[in-house]
Amino acid sequence: MVHFVRSIGSNLHINDAHPEEGKKLTGAGKDSECKLYKMRWVILGIFMVYAVAAGMQWMQYSIICNIVVKYYHVERYVVEWTTMLHMLAYVLCILPALWMLEKAGNRITMLTAGAGICIGAWIKLFAVQPNLFPVVLVGQAIEAAAQVLTFGLAGSVTAAWFGPNEIALAGSMALFGDQFGVAFGFIFPPLLVHDSANEEEIGQGLNNLCLFIAIFTSVILITMLIFFKDTPDKPPSNAQIVQKECKKDSSSALDDFLKMLSSKSFILMLLSYGIHIGIFCSHATLLNQVFLEYFPEDVKHAGIIGSLMVFFGLVGAIAGGLYLDWKHLFKATTLFLYVCSTICLILYAFALTSKNLYLVYGIACFLGIFMLGYYSVGLQMAIEIVYPHSEGTAAGLMLLAVQILSLFLTPALRTIMERYGALVGNYTLIVLMFIGLIITIKIPPRTRRQDAETTMKKGETAKSYKINIES
């Protein structure tokens, strides 16, 4: 049974009191023990490396779009579909992925995902021929479908292994495994695949890139088979113990979806988050096109800048996670990151128009800190809003909003840039960010998970604390 936080009937608030090794619990956890295992860091490490392998294939072709167009003799928009397939796969596969996670558990879902990205990588290796781009799309589609499992697993794995005073940090690290992969996806393709008038040289570069990814994913799959465990022998918190007690009364992932969508606060969070992260995804997909306009002789810097945004985003995510674990100021932290992201996006547009590469590098680093720092902080706020419903389902809905927006925004933004230039495209993103910021301001502050912890510390049982998710 995957460790989702479930409600009893329609209204149960689950405690997430701090677990210490061997500590006896009270209330719902009476006569039980919770324990934190050192193995949790190994599990998190394996998940992060898997997420790196999945994420690095997202930008594998788009970041060298001009070279891929030349080698495979296809249009630019066709190459961009190697990225947009991930967005489409998420929209189509998120419900089956959450169902599988609920029924099969962490280990089986993880192995399925690992096998999928490995198979996709090997298919793309065998498709390094100028006439086999349709086969590349098949491999990319398989990998994209497998990667959908990553987002639900991040919340499920960290909830199953980590205590409440470290779960925000662990969740940030789990999510940023994927973003690290994206960073490597920005770096390695331009380094391994060089533009050339000779198709054989390009083909050799693509072969080296695909071979590296195929071997890497194979090693990860073997590692998961040997070391990855489903859940610890003893749960890390009261919340996990109560989940086992509510197993018979737990709702399905679809029921959680419907209940969450009845929450006005969650709908506002859904829109705000979808706009923010959707803007980043669309911008990253078209980064090569932007640099072709502003820095035609330095297109290789697009990959470096993209990777720097992700690496600095990890700094923002870890800082945000630590701050949330310390202060629990979810609304204030989210709003701060949104404001800073909007300001940095304006400065980034100015830096591009100045055509000062050093200035672009500097602003891009701050853009990464705030935009991707929001990536994990926003998810934590959403979980607080819909608690006690499933963390995995909440994350799934949030990221579904991102993928839907990105799926429409990316081709629309590409069309705007082709007709009116990258500057107008950047202005469009800034306007959208302001809309998202206004929506964020209107989100009521909710700390239901923290309220439950406070209630339990007063000696009440989990069943004595009830909420109305529709508020």
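Preceding this section is the structure that the text describes.
Below is a short write-up of the structure. Counting starts from 1 at the beginning of each chain's written sequence and moves along it residue by residue. Reporting in this predicted model follows two pLDDT cut-offs: at least 70 for local features of residues, and 80 or more for side-chain atom pairs to be given and counted; totals over whole chains, interfaces and linings ignore these cut-offs and use all residues. For the side-chain quantities, the full set of heavy atoms in the structure was used; hydrogens and water were omitted.

It is worth spelling out the nonpolar core at this point. Counting 145 residues, the largest nonpolar core has Tyr 50 and Tyr 273 as its most contacted members. A helix here means a DSSP run of H or I that spans at least four residues, while a strand means a run of E at least two residues long, and both kinds are numbered starting from the N terminus. Sorting elements by how many residues they give to this core places helix 13 (residues 357–386) first, with 19 residues. Excluding its chain neighbours within four sequence positions, the residues that come into contact with Tyr 273 are Gly 278, Tyr 374, Tyr 375, Gly 378, Leu 379, Met 398, Leu 399 and Val 402. The definition of a nonpolar core used throughout is a set of buried Ala, Val, Leu, Ile, Met, Phe, Trp, Tyr and Cys residues joined through side-chain atoms within 4.5 Å. Classification of residues uses two cut-offs on accessible area relative to the type maximum, computed with a 1.4 Å probe and protein chains only: under 20% is buried, over 50% is exposed, and between them is partly exposed. Every residue pair with non-hydrogen atoms within 4.5 Å of one another is taken to be in contact.

Next up on the list: the pattern of salt bridges. Whenever a carboxyl oxygen of Asp or Glu lies within 4 Å of a side-chain nitrogen of Lys or Arg, that contact is scored as a salt bridge. Summed over the entire model, instances satisfying the criterion amount to 4 salt bridges. Two residues, Glu 166 and Arg 40, come together in a salt bridge whose shortest N-O distance is 3.0 Å. Of this pair, Glu 166 sits in the loop between helix 4 (133–161) and helix 5 (167–192) while Arg 40 sits in helix 1 (residues 39–55); the two residues are 126 residues apart in sequence, bridging distant segments of the chain. As far as the burial class goes, Glu 166 and Arg 40 line up, both buried. A salt bridge links Glu 80 to Arg 414; its shortest N-O distance comes to 2.6 Å. A residue pair is termed long-range when its members are at least 10 positions apart, and Glu 80 in helix 3 (residues 76–126) and Arg 414 in helix 14 (residues 391–420) qualify at 334 residues.

This part covers the packing of aromatic side chains. Stacked, tilted and edge-to-face are the three classes applied to pairs of Phe, Tyr and Trp rings, where Trp contributes its six-membered ring and a pair requires centres within 6.5 Å; stacked means planes under 30 degrees apart, edge-to-face means over 60, and tilted covers the rest. Enumeration over the complete set of coordinates arrives at 15 aromatic pairs. Aromatic pair Phe 47 and Tyr 50: ring centres 6.1 Å apart, planes at 55 degrees, arrangement tilted. Taken together, the positions of Phe 47 and Tyr 50, both in helix 1 and 3 residues apart, correspond to about one turn of that helix. Accessibility classification places Phe 47 together with Tyr 50 in one group, the buried group. Ring-pair connections join several aromatic residues into one group, and the members of that group are Phe 180, Phe 184, Phe 188, Phe 212, Phe 216 and Phe 311.

To continue, consider the packing of helix 1 against helix 5. Interhelical geometry of helix 1 versus helix 5 gives an angle of 30 degrees and a closest axis separation of 6 Å. When the interaxial angle is binned, helix 1 and helix 5 end up roughly parallel. The two elements helix 1 and helix 5 meet at a crossing, and its hand is right-handed. In this structure, helix 1 contributes Trp 41, Leu 44, Phe 47, Met 48, Ala 51, Val 52 and Gly 55 to the contact, and helix 5 contributes Ala 170, Met 173, Ala 174, Gly 177, Asp 178, Phe 180, Gly 181, Val 182 and Phe 184. Residues were grouped as follows: Ala, Val, Leu, Ile, Met, Phe, Trp, Tyr, Cys and Pro as nonpolar; Asp, Glu, Lys and Arg as charged; and all remaining residues, including Gly, as polar. Residue classes in the contact of helix 1 with helix 5 are distributed as 12 nonpolar, 3 polar and 1 charged. Helix axes are fitted only over the stretch in contact, all axes being lines through C-alpha atoms; the angle between N-to-C directions runs from 0 to 180 degrees. With respect to orientation, any angle under 35 degrees is reported as roughly parallel, any angle over 145 as roughly antiparallel, any angle of 65 to 115 as roughly perpendicular, and every other angle as oblique. Each crossing gets its handedness from the near helix: less than a right angle anticlockwise from the far helix is left-handed, clockwise is right-handed.

The quantities given are spatial measurements derived from coordinates; they are silent on function.
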